[in-house]
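Examining the three-dimensional arrangement
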Amino acid sequence: MTRRLLAAALAAALTVVALMTSAAAGTTSWRHVPVPSQVRPQAGLNEAVAFGPDRAWAVGADAVGREAPGFPLVLRWDGKAWQRQKLPGAGWQGELLSVAATSPTAVWAVGRDAAGGARLLHHDGTAWRTGPAPRGVVLTKVVTGGGETWLIGSRDGAQVLLRRDGREWRDVPVPPGSVFGLHILAPDDVWAAGATDSGATVSHWDGQTWQQTVVDGFPRSGVSSVLAVSPTEVWAGGTAGFVGGPPGRPIPPLLVRFDGKEWSRVTLPTDFGSIHSLAPTSSGALGWVSVARSQKWGPPGSSPPLVPGPDFLAWDGRSFTEHSEPAVAGEGDSWVLRLTPVPGTETVWSVGRAAGPEGAFAPRVLRFG
C-alpha cells in the first residue's frame, strides 16, 4: 500500500512538473493564431490594438486580388479566438490601414477606398460607425496616447497632422520632411519618427513647435517607429540606406537610442531587414523589436551567403534575445510585422501578412505569452 501511495504521489508530481514545463515553453516562443474561417483568401492585416487578455482589434483587408482592391476587414479577439466583425454601412471596397484607441469605448480605424478616398471608422464600445473624415485629407495612420488622438495623412500632396479637439479635427504643424510614426505622451509631449533629405529624423513637439534631430545621416535612411520611455531614453527604428548597388540589394535595419544628450546607433544581431515596430513592456520600457525580412551573413564561404535572421528581438535592458516566427503550413515568412502589447501583461501580438501560395499573400497573427 505504501509503495502504491508513493508511486501515485511521484506520478502526480511528475505530471505537475510536465504541465508547468509545457506552460513555460508555451510562453517563451511565438505561436501562430489562426484567423476565422470567414476571412476570404488573399487577406492581410495592418495593425492591431489591445485592451486586455480578452479584448483586441485588428484591421486590414480581405479578398484582395492583383487588380481587385478587396474589402475592409475588422477582427476582434474575445480571449479565445479571433472573430470577424460586421461593419454596418461599409459596402465600399478598400482597406483599413490603422487602428488605435484611447479606451474600449473610443476606438478609431482609418483607411482608404478604391477611389483613394479617406475612410474613418469609430467604435463606441457597442458598434462600429462610419464617421466624417477630414475634408480633402488622405489618411494613412491613427495614433493615440496620453488621452490624445492624432491622424497622419496628406492634403494636396503635402503631409498633414491632425489632432482630435473635442468633436473636431484640427491641423497641427508638421516637422520638415515626412512623418511615419508618432508616440504621444501628452498634448505637449509628442515624438515623431520620419525622414528628410538629410536622413532619418526624430522630432519632438512641446505644444508649440517641433524640434527636429537627424538621428542617422546616411542617405535614404528613415525611421517609422518611435518609443519614448523617459526624457533620457527614447528609441526609434526603421531602415538605413544604401547608395547605388544592384536592384533588390538588402538594406540594413536601423535602431537608434537617445540618452538625454545624444542619439547613437544600436548594434543588432541581424545584418539586413526593416524594423517595423517597437513595443513596450507593461512598465513602459522597450520590450520588443520586430524586424521584417530579417537576414544576416552566413559563415564565410557559405552559399547562399545570407541566412535567415531573427524576426523578433526581446530587450531585457542590457541585450537582445533572438526569436523567430513559427512555421505555418502552406505559407512563407511574414513581410509585415506590427507589434501590439497587451496592457498589464507581458503578452504581445504581431499582425501582418505573409507569403501565401502561388505568389499570393495571407494574413498572419502571432502571439507571445
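Reference entry: report on the structure contained in this document.

Calculation criteria
- Residues numbered from 1 in each chain as written.
- Predicted model: local features only at pLDDT ≥ 70, side-chain atom pairs only at ≥ 80, totals over all residues.
- Heavy atoms only, no water.
- Pairing = 2+ DSSP bridges.
- Helix = DSSP H or I, 4+ residues; strand = E, 2+ residues; numbered from the N terminus.
- Axes fitted to C-alpha atoms, helices over the stretch in contact; angles between N-to-C directions.
- Core = buried A, V, L, I, M, F, W, Y, C linked by side-chain atoms within 4.5 Å.
- Buried < 20%, exposed > 50% of the residue type's maximum accessible area, 1.4 Å probe, protein only.
- Contact = heavy atoms within 4.5 Å.
- Polar contact = N/O pair within 3.5 Å; in protein donor to acceptor, adjacent residues only side chain to side chain.

1. Quick notes on the sheet that holds strand 5 (residues 82-84)
An order of 2-3-4-5 is seen for the 4 strands of this open sheet, with the pairing classed as antiparallel. The open sheet has two free edges, formed respectively by strand 2 (44-52) and strand 5, since each of these has just one partner strand. Averaged over all pairs of adjacent strands, the angle between their axes in this sheet comes to 25 degrees, without regard to strand direction. Looking at chain direction, strand 4 (residues 71-77) and strand 5 are connected through 3 bridges and run antiparallel. Looking at strand 5, one finds that Trp 77 is bridged to Trp 82.

2. Some details on the nonpolar core
Counting 16 residues, the largest nonpolar core has Leu 45, Ala 58, Leu 75, Trp 82, Trp 349 and Val 365 as its most contacted members. Of all the secondary-structure elements, those providing two or more residues to this core are strand 2, strand 3 (55-62), strand 4 and strand 28 (348-355). Setting aside residues no more than four positions away along its own chain, Leu 45 makes contact with Ala 58, Val 59, Gly 60, Leu 73, Leu 75, Val 336, Val 351, Gly 352, Arg 353, Pro 363, Arg 364 and Val 365. Residues Ala 193, Val 202, Val 226 and Val 234 belong to the second largest nonpolar core, which totals 15 residues.

3. Focus on the side chain of Thr 270
Topologically, Thr 270 is positioned in the loop between strand 21 (263-265) and strand 22 (272-280). Residue Thr 270 is classed as buried on the basis of its relative accessible area of 5%. Within the local environment of Thr 270, its side chain forms a polar contact with the side chain of Ser 294, the two groups lying 2.8 Å apart. Within the structure, the side chain of Thr 270 is placed 3.0 Å from the backbone oxygen of Gln 295, a separation counted as a polar contact. Leave out the neighbours within four places in its chain, and Thr 270 touches Pro 253, Val 291, Ser 294, Gln 295, Lys 296, Gly 309 and Pro 310.

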